[in-house]
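Chain residues, written in single-letter form:
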Amino acid sequence: MTDTNTNSEPFDKAFSAEIADSFLFQIHRIKKALFRRTNALMSEAGITLQLEQLPLIMILQHKELSQRELSDKTMRDKSSILRSINALEKKSLLVVRKDKTDKRKNVVSLTEEGIVLAKNIRSLMKKSEDEVLSVFSATERIQALETIKSYADRLERI
């Protein structure tokens, strides 16, 4: 009987090194740190939203959109968006109504309670970002943001 753990050790090291050099993995680690701290702050504040509901609240803070526009902006399928909309509607955080000009289209907007919640969440997200990114100097933070934003802008044009 052979011990497969010793045979896989070089593979594990090679895989770990490959992952460590992966841009995607490093971005994921940063995202995970930001989300972990934001979730903790939201939990402390008594805000109970599922992670996939958060973008809807933040997007709708600025304007009302159709369900299709929400789907496009979040890059999520329509059924997933509808589940989130229904859950947020039950919490009285948003309302869905027929579009005035196109009755086939549903328009989604935040309620007053939803607007207040969105502002609170934005404040918590800012606090979380400040805490997590405090490991950067002010100059490093500006440079990192400018670099990442530039990459994202260019990648969106592909």
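In this text the structure is predicted, and so the values were computed from the model without any measurement.

Asks: It is not clear to me how the environment of Ser22 should be interpreted in this structure. Could you clarify?
Replies: Looking at the element boundaries, Ser22 is found in the loop between helix 1 (4-20) and helix 2 (23-44). Within polar-contact distance, the side chain of Ser22 engages the backbone nitrogen of Phe25 at 3.1 Å.

Asks: Even after reading the chapter, I still don't get helix 4 (residues 67-74), so can you show me in this structure?
Replies: Note that an α-helix has 3.6 residues per turn; residues three or four places apart therefore point the same way. For helix 4, the full list of buried residues reads Leu70, Ser71 and Thr74. Taken end-on, helix 4 shows its buried residues confined to a sector of 100°, consistent with a single buried face. Opposite the packed face of helix 4, turned more than 90 degrees from it, sit the exposed residues Arg68 and Asp72. Those residues of helix 4 hidden inside the fold are in contact with helix 3 (54-60), strand 1 (65-66), helix 5 (78-90) and strand 3 (106-110). Met75 sits one or two positions beyond helix 4 and adopts a positive phi of about 60°.

Asks: Before we go on, may I ask you to explain the sheet that holds strand 2 (residues 94-98) in this structure?
Replies: Backbone hydrogen bonds hold the strands of a sheet together, and the pairing may be parallel or antiparallel. Read from one edge of the open sheet, three strands run 1-3-2, paired in antiparallel fashion. Looking at the sheet topology across the chains shown, the edges are occupied by strand 1 and strand 2. Both strand 1 and strand 3 contribute to a ladder of two bridges, which runs antiparallel. Directly across from Leu65, in strand 3, lies its bridge partner Val108.

Rules behind the numbers
Residues numbered from 1 in each chain as written. Predicted model: local features only at pLDDT ≥ 70, side-chain atom pairs only at ≥ 80, totals over all residues. Heavy atoms only, no water. Helix = DSSP H or I, 4+ residues; strand = E, 2+ residues; numbered from the N terminus. Polar contact = N/O pair within 3.5 Å; in protein donor to acceptor, adjacent residues only side chain to side chain. Buried < 20%, exposed > 50% of the residue type's maximum accessible area, 1.4 Å probe, protein only. Arc of directions from axis to C-beta. Contact = heavy atoms within 4.5 Å. Pairing = 2+ DSSP bridges.

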